[in-house]
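Below, each chain spelled out in residue letters.
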Amino acid sequence: MYKVLAVDDEPLVLMGIQASILWEEEGFSLIGTAGNGEEALELIERDRPDIVLTDIKMPRMDGIGLLKEITVKYSRIKVIILSCLDEMETVREALVLGAVDYILKLSMSPDDLLKILKKSAQKIEEEKEQAQKLEHAEKILMTHEQQMKKELLLGYLKEEYAQDAFLRQAAEMNFSFSNKEKIIACMQLWHREETKLAEEQNKVLENLFSQNTQNYLLMMKNGAFTLVAEADLLGENTTEIVKFFRNIQKQAQKCGFYLTVGLSERIEDIKGMVKAFKHAQMALSNCFYSGENAILSWKNVPQLEKREFSIPYQKEKRIFEAVITKNYDVLEKEVTELFMQMKEEKLEPNSARNAVYEMCHGLIKYIHHIYPELPPVFSLEKIRTEIQREASFQYLLRYALKFLSKMSVEIMKCAKESSRYEIILAKQYIFDHIDKEITLEETARYVGISRSYFSVLFKQTEKESFNHYVNRIKMEAAKELLLTTNMHIYEIARKVGIENENYFSKLFRKYTGKSPKKLLMEGSQDEQQEK
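Helix and strand counts for the protein chain stand at 22 helices and 10 strands. Taking 531 residues into account, the globule formula puts the C-alpha radius of gyration at 24 Å, and the protein chain, at 40 Å, lies well above it. For the protein chain, the spread of C-alpha atoms along the principal axes amounts to about 125 × 55 × 45 Å. Among the 531 residues that make up the protein chain, the fraction classed as buried is 45%. Long-range contacts, defined here as pairs at least 24 residues apart, represent 68% of the contacts in the protein chain between residues at least 6 apart. With an accessible surface of roughly 29600 Å², the protein chain has 49% of that area assigned to carbon and sulfur atoms. Distance from the positive charge centre (75 side chains) to the negative charge centre (83 side chains) of the protein chain: 9 Å.

Pasting the structure below:
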């Protein structure tokens, strides 16, 4: 609905305008009338019309004077001139000053009036659309400029730029910092559903942090981000700063997210930013052992170890046996002890997650060796994703126990439908002693039946001889070691219980169709092509 104000010193003219069209049906509202320019300005200030119909000759302030005032103070208002035939020179002046159009009072028909009103309304819409496009373009430009500044700052913090190069590029981008103390907070935003994290993360962050010109929220990946802020905007001291982030955590929880925060020391200038960023990252890593809503300062945390953690063989074996036998008490005890060992060794979070993944991966391979008929209900990609999603030490422990228990249930389902128990024991024995020479006699003795009966039973059940099965399993293990490690061929041979390298190579060719050296060369060529 477009608001219209009519201005004329002749009441009959105003009455005629008012009665000439069905205003609201046509999308207009006649909000008032005035007898001269001064009265009109008072109404304009109060009611802010979209269109003004004004006569030229009026007492106190004429139409031209009113038009000039509107052009200066209310430029968005469209002005239509009501004129007589003898006022054409003045009409031309009005058009030059910015009037949309004019209409002759004496010959004005309702259709003429409606046509010129719609013309004015169209101009209003066109200007609105143009203004919106301009505003949108300015926002895009500002957003792009701000994003470039953020990328430059993040690159500097990650030491992708030397300080001199950073300062030079910052000057070219008109990117400057205030001389006030800064603080860096490295944060991790978590949600139990990964898809929700990806979809809503940016929206949540925008709501949580005000876009102050001296605060820079730097997006990283997987829900991680860094805030570089003026310290006084967050709080006068450490206690107030922690309180600020506690409030942020509460707001995040209302959205279904939780937040961990690692804080740096206060820094006086840009020179200390890189060091402060490392300290904040160190504090954030330690939040892993303190819970998913932890806030830690770098002063209160140890340096964590970023290294590969190998689960001791006997520990892994006890865990696997507890899974197979469904001994949940032993399983919980062994896994909890393992986790406490990782904590005591101050493993960096991703090192701990990788160790858990390797344990799950190893168990799946172990179980599929014993139960090849076990359906592929456990996707390694899904397991890795779920493990990476666990925000804290306690949640990762809970995930590991839940996964291993679920695996145990699936094994029990499969065991009820699978082959003889003696064959299952034999496969377990073979897998556990793959680095040794494995004989039919020893294995039959282990499962508690005679050599001849075991030999017949094994072939009937597995559709291949015992020796063929053992060699095939050993060569499959050797192939994996050959493709995934830097071990020498003779070392791999010993890993699968074969001392003679020539015999190993002959056996390897028989079961894989290629010699170890040829397979190794092909693997190297594939890697070079990928690079």
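Still more to cover.
Moving on, we come to the layout of surface pockets. Empty pockets left among the atoms are what a rolling probe the size of a water molecule brings to light. Its volume calculated, the largest pocket comes out at about 1700 Å³. Taken together, 44 residues make up the lining of the largest pocket; nearest its centre are Glu316, Gly362, Lys365, Glu480 and Leu481. Of all the secondary-structure elements, those providing two or more residues to the lining of the largest pocket are helix H11 (313-325), helix H13 (349-370), helix H16 (421-432) and helix H19 (466-484). By residue class, the composition of the lining of the largest pocket is 16 nonpolar, 11 polar and 17 charged.

The next subject is the sheet that holds strand E7 (residues 216-219). Taken in spatial order, the 5 strands of this open sheet run E7-E8-E6-E9-E10, and their pairing is mixed. Each edge of the open sheet carries a strand with a single partner, namely E7 and strand E10 (295-297). Averaged over neighbouring strand pairs, the angle between their axes works out to 20° when direction is ignored. Pairing geometry for strand E6 (residues 182-190) and strand E9 (residues 258-263), over 6 bridges, is antiparallel. Residue pairing in the sheet places leucine 189 in a bridge with leucine 259 of E9. Where helix H10 (residues 273-286) meets the sheet, it contacts E6, strand E8 (224-230), E9 and E10, and its direction lies at approximately 35° from that of E6.

Glancing now at the sheet that holds strand E4 (residues 78-83). Reading across the sheet, the 5 strands line up as E2-E1-E3-E4-E5 and stay open at both edges, with parallel pairing between neighbours. The open sheet terminates on both sides in strands that have one partner only, identified here as strand E2 (28-34) and strand E5 (101-104). Looking at each pair of strands side by side, their axes are set apart by 25° on average, direction ignored. Relative to strand E3 (residues 51-55), strand E1 (residues 2-7) runs parallel, the two being bridged by 4 bridges. Directly across from valine 7, in E3, lies its bridge partner threonine 54. Along the sheet, helix H2 (residues 37-47) contacts E1, E2 and E3; its crossing angle with E1, the most-contacted strand, is approximately 165°.

Here we take up the nonpolar core. Core analysis: the biggest nonpolar cluster contains 42 residues, and Val335, Phe339, Ile383, Phe403, Leu404 and Met407 have the highest contact counts within it. Elements with a contribution of two residues or more to this core: H11, helix H12 (328-344), H13, helix H14 (380-389) and helix H15 (393-417). Sort the elements by how many residues they give to this core and H13 lands first, with 11 residues. Not counting residues within four places of it along the chain, the set of residues in contact with phenylalanine 403 comprises Cys360, Leu363, Ile364, Phe378 and Ile383. In this structure, Leu5, Leu41, Ile70 and Tyr74 belong to the second largest nonpolar core, which totals 22 residues.

So, about H10. A rise of 1.5 Å per residue sets the reference length of H10, with its 14 residues, at 20 Å; its end C-alpha atoms lie 20 Å apart and thus fit the reference within 8%. For H10, the tally of buried residues reaches 11 of 14 residues, placing the bulk of the element in the interior. Within H10, the full set of buried residues consists of Met273, Val274, Ala276, Phe277, His279, Ala280, Met282, Ala283, Leu284, Ser285 and Asn286.

Basis of the calculations
Residues numbered from 1 in each chain as written. Predicted model: local features only at pLDDT ≥ 70, side-chain atom pairs only at ≥ 80, totals over all residues. Heavy atoms only, no water. Helix = DSSP H or I, 4+ residues; strand = E, 2+ residues; numbered from the N terminus. Rg over C-alpha atoms; globule rule 2.2 N^0.38 Å. Buried < 20%, exposed > 50% of the residue type's maximum accessible area, 1.4 Å probe, protein only. Contact = heavy atoms within 4.5 Å. Areas by Shrake-Rupley, 256 points an atom, 1.4 Å probe, with all protein chains shown as cover. Lys, Arg positive; Asp, Glu negative; His and termini not counted. Charge placed at Lys NZ, Arg CZ, Asp CG, Glu CD. 1 Å grid on protein atoms, 1.4 Å probe; cavity = no way out; pocket = protein on both sides within 12 Å on 5 of 7 lines; lining within 4 Å. Points joined across faces, edges and corners; volume = space filled by probe spheres on them. Nonpolar A, V, L, I, M, F, W, Y, C, P; charged D, E, K, R; others polar. Pairing = 2+ DSSP bridges. Axes fitted to C-alpha atoms, helices over the stretch in contact; angles between N-to-C directions. Core = buried A, V, L, I, M, F, W, Y, C linked by side-chain atoms within 4.5 Å. Expected span 1.5 Å × (residues − 1).

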